[in-house]
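Architecture at a glance
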Amino acid sequence: MADGPFTSYDPDSGPSGAADRDAVPKVKPYHHPAAGWGAAMAVGKFMVLKEHEPLIGTKAILEMNHASHGFDCPGCAWPDATDGLLLDVCENGIKHVTWEMTHKRCTPEFFAEHTVSELATWSDYDLEDQGRLTHPMVYDAETDHYVPISWPDAFEMVGKALRELPDPNLAAFYTSGRLGNEATFLYQLMVRELGTNNLPDCSNMCHEASGRALQASLGTGKGTCDIEDWDKADALFVMGINAASNAPRMLTALAEAHKRGAQIVHVNPLVEAGARNTIIPHDFAAMATFHATKTSTMNMQVRIGGDFALMRGIAKHVLEEAETDPKALDHEFIERYTTGFDDYVREVKDTTWAEIQRQSGLSENEIRKAAGIYCDSDRTVISWCLGITQHEHGVDTIREIVNVLLLRGNLGREGAGPSPVRGHSNVQGNRTCGIANNPTTEFLDRLAQVCKIDVPRENGYDVVGTIQAMQAGKLEFFLSMGGNFVAAAPDSAYTFAAFQKCGFTVNVSTKLNRSHVIHGKRALILPCIGRTERDIQRRGPQITSMENGMAVVHMSRGMKKPASPHLLSEPAILAGIAKAALPETKTPWEYYIEDYDRIRDTMSKVLPGFEDYNRRVRLPLGFRIRQPARELIFLTPSGKAEFSTVTLPDTINPPGVLTLATQRSHDQWNTSIYSDSDRYRGVKNLRTLIFMNEHDMRERGLKEFDEVDITSTARDGSTRSLHRYKVVPYDIPPGCAAGYMPEMNVLCAIGDFSTESDQPLMKSVKVTVTPSS
Ligand SMILES: Nc1nc2c(c(=O)[nH]1)N[C@H]1C(S)=C(S)[C@@H](COP(=O)(O)OP(=O)(O)OC[C@H]3O[C@@H](n4cnc5c(=O)[nH]c(N)nc54)[C@H](O)[C@@H]3O)O[C@H]1N2
Ligand SMILES: Nc1nc2c(c(=O)[nH]1)N[C@H]1C(S)=C(S)[C@@H](COP(=O)(O)OP(=O)(O)OC[C@H]3O[C@@H](n4cnc5c(=O)[nH]c(N)nc54)[C@H](O)[C@@H]3O)O[C@H]1N2
Ligand SMILES: [Mo]
């Protein structure tokens, strides 16, 4: 723990990690298959040593992602197996669940022992390591402690603050993507009844670009594939995702695809573990025999931000082939279902191979090889995650991915289509159920009609907008349903200061985190039950539901005794706040909370695709929400799939500047850090590092573990620095570097967000690296 208050994630002033000062950092290439025994041992160690949960944990894991009962794994949004498999789990899902089920408790006694100023010097790891929050707590400015408060008093405190706001737009309401559908619906209903659309969410930092690009190209904000399409594709392109760590159950799909002879092309500046081979996460027979399956047929180490150029190159090859091979293009599909083809062809022809190579960092040969795989495949799925979205040109890159798919009619048929890989387990459901700072008119109309409320029509703040408004003194009140807003957001110093300016910050949480100890003038921590826990209301045990990353809505039922008798469910907390904040409300909050079926009945009237919600959500595999583009119905202005026609932008840095991608280690869940190691990248006991190409190191006279200062320069010319980070040589293209979030959020300037998606540029930070003095 550091001496001074938290100012930056420098190794001395409050690192996020486990920060065992005596642990010696080590780096050694990892050659074992992903998942398999390394994962099994990590799970065993984590459950028994860290969380002391061997028995209950095992039972819980058997209930996780079960087709017909049990709770939805909160680990990620990858869909569950649909082939009758009883158990579809992975190392990181198990770690995530065990993290929630810890035996440790963060009690009023703990808060009595530590001032908040002291806690603000602790690392993120140490804060969460106190375990589950047990009581509602209020900040007492006089003593600088959090002290217990009763639920009725907490609700009245929030209610009064909201009632007294002269304008509802002085309040903002954040959602982290774990919130279930039912709580989500109540949340946005309350916020709109209050009269604002200030609903920032983690999607603003995650897949905003995917939603906007797919909406513009195909008239739907979601991918069109489901897991069966992955199972039937001849070629899978996996772009900008660290699957082995962040969507480990995808490895099963990749390994199965490889076994049946499909081509798997990974596009990533790093050759991640998921791009080599795996032992299928739940295949215990394979684990017993150490049988690894390959998960890749080709790896393309694209330059950071070079994916647009790569896709342009693939399109160029396809069009060149089409000059001699009529089957290279799907002429009938292009003719019937698309618009803008001729302009697109012109644009592609105008892009030279020289420019494509320079921008992508890949040779023409390599690109033609990948394009050949694409042309030889009858059914192609292209998937992507943050490596594609968190860039200035994220939207254009995804639209170029769709362009490539359209050329060969890879849409609206089995085994083909665009497939964004979503992050948080219900981040897609949050959007479906109404969390959006810029809601559509149709949605608002239906909400107003069914729920009989006046709805606000003006767009609200997104994540960056919220922080800027706080800084400008335009936000008095902030409520967060889950998540860790200040740590997840860009520009830590700016964001922390902005948050502290806010009049009142309220966090509904399961564990102590940075957003509790960096707080507004008044602050509340409201602890809730987690997904693994029983939710019992007046009319009995309740189920909730989530939508996975492939638009399948399914139920979740917790089975564990709540961590403390003082916890409330998220819907119950929202109802308590809503009743206090809206004295004139006609919404039957109490009635809804007695039985969540009643919330779902209302949702089925507001949300298209949710008809008969209560029955269908209880089907063993849930139900899939209709995707018009999947049926070749395009809700675009032209009524067709629209080719985008964009000139390839120049994203090459001036000499001396590196592009830094800030990403996750294997042993963290966003801002929750499990350890300082990153097994698949061979790193032990070190998070304050920067991965660099050896050529770039030599140029700067650096060797392994040398300490460096990293300085980012924002678009407005301002600079931000991290000090004494250790250099780790890594197989990454020259000019590129990588390191960990949330430490490196210090370097992400608040004003540096994409003009296309408004997403912070978390994978494209422009930095210089110099030896520390
Ligand atoms: N265990 C675990 N699971 C998680 C999470 C977690 O923290 N831990 N987080 C969840 C959430 S909210 C999300 S959004 C997802 C995130 O899942 P990922 O998108 O895998 O997250 P990152 O760790 O940011 O990794 C980004 C990947 O993109 C690559 N990359 C960086 N820049 C570029 C580029 O310009 N082009 C290409 N092609 N690749 C690039 C990086 O090398 C890295 O492999 O995972 C979810 N699942
Ligand atoms: N530099 C950089 N920054 C990034 C990213 C990046 O790639 N680079 N990725 C961005 C992305 S994709 C995302 S999604 C965000 C993540 O941002 P968030 O979703 O805001 O952050 P998390 O770390 O997932 O939140 C962890 C906290 O959630 C609370 N929690 C856990 N479970 C529950 C629950 O069931 N209910 C409630 N109410 N609370 C719960 C716990 O108190 C825990 O401390 O970070 C973003 N920030
Ligand atoms: Mo995310």
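Our structure's up above, just so we're on the same page.
Right, let's walk through the structure included here. Everything quoted here is computed from the prediction, not taken from an experiment.

The rules we used
- Note that residues are indexed from 1 along each chain, following the sequence as it is written.
- Here chains are named by letter from A upward and ligands by number from 1 upward, in the order in which they appear as written.
- Note on the predicted model: pLDDT of at least 70 is required for a residue's local features to be given, and 80 or more for side-chain atom pairs to be given and counted; whole-chain, interface and lining totals, by contrast, use all residues.
- As a convention, hydrogens and water are excluded, and side-chain values are obtained from all of the structure's heavy atoms.
- Here a residue is considered near a molecule or strand provided that any single heavy atom belonging to it is located within 4 Å of it.
- Counting of polar contacts relies on pairs of N or O atoms within 3.5 Å, with two restrictions inside protein: one atom must be capable of donating a hydrogen and the other of accepting it, and residues adjacent in sequence are counted only when both atoms are side-chain atoms.
- Surface accessibility in these figures is a Shrake-Rupley result with a 1.4 Å probe; residues are shielded only by whichever protein chains are displayed.
- Helix numbers and strand numbers start at the N terminus; a helix is a DSSP run of H or I with at least 4 residues, a strand a run of E with at least 2.
- An automatic or database domain assignment is the source of the domain bounds shown.
- Two aromatic rings, drawn from Phe, Tyr or Trp (for Trp, its six-membered ring), form a pair once their centres lie within 6.5 Å of each other, and the interplanar angle then sorts them: stacked below 30 degrees, edge-to-face above 60, tilted otherwise.
- Think of it in three bands: residues with accessible area under 20% of the maximum for their type are buried, residues over 50% are exposed, and the middle band is partly exposed, with areas taken using a 1.4 Å probe on protein chains only.
- Charge-over-ring contacts are defined here by two conditions on Lys NZ or Arg CZ: a distance within 6 Å of the ring centre and an angle within 35 degrees of the ring normal.

Here's the deal with the site of ligand 1
Near ligand 1, the surroundings consist of 31 residues, among which Asn 268, Glu 272, Gly 305, Asp 307 and Asn 670 are the closest. Within the backbone of Ser 245, one N or O atom sits 2.9 Å away from a nitrogen atom of ligand 1. Burial of ligand 1 by the surrounding chains reaches 99%, relative to a free accessible area of 920 Å². When contributions to the shell around ligand 1 are tallied by element, the ones reaching two or more residues are helix 11 (243-246), helix 19 (386-389), strand 25 (658-663) and strand 26 (668-669). For the shell around ligand 1, the leading source of residues is helix 19, giving 3 residues. The residues that make up the shell around ligand 1 include at least three from each of domain 2 (208-420) and domain 3 (658-771).

Some points on the site of ligand 2
Taken together, 31 residues are adjacent to ligand 2, and Glu 128, Tyr 174, Glu 570, Thr 671 and Asn 745 come closest. Side-chain polar atom of Ser 176 to an oxygen atom of ligand 2: 2.8 Å apart, as the coordinates give it. Side-chain polar atom of Arg 664 to a nitrogen atom of ligand 2: 2.9 Å apart, as the coordinates give it. In the complex, the protein chains occlude 97% of the 940 Å² of accessible area that ligand 2 would expose alone. Of the residues that make up the shell around ligand 2, three or more belong to each of domain 1 (105-206 + 426-621) and domain 3 (658-771).

Overview of the packing of aromatic side chains
All chains considered together, the criterion is met by 22 aromatic pairs. Here the aromatic rings of Phe 173 and Tyr 187 are separated by 6.3 Å at their centres, their planes lie at 80°, and the arrangement is edge-to-face. Of this pair, Phe 173 sits in strand 7 (residues 171-175) while Tyr 187 is found in helix 8 (residues 181-194), placing the two residues 14 residues apart along the sequence. In this structure, Phe 173 and Tyr 187 share a single accessibility class: buried. For the ring pair Phe 478 and Phe 485, a centre distance of 4.8 Å and an interplane angle of 50° mean the geometry is tilted. Of the two residues examined, Phe 478 and Phe 485, each falls in the buried class. Each residue in the set Phe 110, Phe 111, Trp 122, Tyr 139 and Tyr 146 is aromatic and connected to the rest through ring pairs, giving one cluster. Of note, Arg 408 hangs over the ring of Tyr 374, and the distance from its end group to the ring centre comes to 5.7 Å.

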